[in-house]
Amino acid sequence: MNEAQIKLKRTEALLAELIPEALSQLNDNRLHELSVIEVKCSRGRSDAKVYIDPANFSEEEKRIYLKQLRKARPLVEDFCLKDQGWYRCPKLTFEFDEQLKKSQNIEDLFKKIAKEHKGEAS
């Protein structure tokens, strides 16, 4: 891992700590319950994708949360700037992390296949 990659990882880790803290200080209580799973920065650290735990939210709830997060983005970025004394904060993009759901679906399929295979073997 070279120096640039280390800086990138350090920025991602800092943002993963700062963003939940910033969300908890907002007036919108709904945003307090969101969990940040991961933050992925672009190479130049000008943009960052913030992956939120989808929990058991419906599609409508997710849409509402994303709308609220888009409105809160400047406040969250400002919080990160002031806390770290950065000259510039990455532009944050919020999205729900659906990878966990996909992996669970794949695991369920494998279990179903194994069960069917076991039934044919007997």
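- As named in an unreviewed UniProt entry, the chain is Ribosome-binding factor A, taken from Sulfurimonas sediminis.
- The Subcellular location (unreviewed entry) comment attached to the chain in UniProt states, word for word, "Cytoplasm".
- Quoted verbatim from the Subunit (unreviewed entry) heading of the UniProt record, the comment on the chain is "Monomer. Binds 30S ribosomal subunits, but not 50S ribosomal subunits or 70S ribosomes."

## Observations regarding the sheet that holds strand E1 (residues 36-41)
Sheets are built from strands that pair by backbone hydrogen bonding, the pairs being arranged parallel or antiparallel.
Step number 1: Strand order in the open sheet formed by three strands is E1-E2-E3, and the pairing between neighbours is mixed. Each end of this open sheet is capped by a strand with a single partner; those strands are E1 and strand E3 (91-96). Pairs of neighbouring strands in the sheet enclose a mean axial angle of 20°, with direction left out of account.
Step number 2: In this sheet, strand E2 (residues 47-52) lies alongside E1 in antiparallel orientation, the contact comprising five bridges. Pairing of glutamate 38 across the sheet is with tyrosine 51, part of E2.
Step number 3: Where helix H1 (residues 3-24) meets the sheet, it contacts E1, E2 and E3, and its direction lies at approximately 140° from that of E1.
Step number 4: Contacts from helix H3 (residues 59-84) reach E2 and E3 within the one sheet, and its direction differs from that of E3 by about 160°.

Criteria and cut-off values
Residues numbered from 1 in each chain as written. Predicted model: local features only at pLDDT ≥ 70, side-chain atom pairs only at ≥ 80, totals over all residues. Heavy atoms only, no water. UniProt positions renumbered as here; feature names shortened; annotations may be inferred. Pairing = 2+ DSSP bridges. Helix = DSSP H or I, 4+ residues; strand = E, 2+ residues; numbered from the N terminus. Axes fitted to C-alpha atoms, helices over the stretch in contact; angles between N-to-C directions. Contact = heavy atoms within 4.5 Å.

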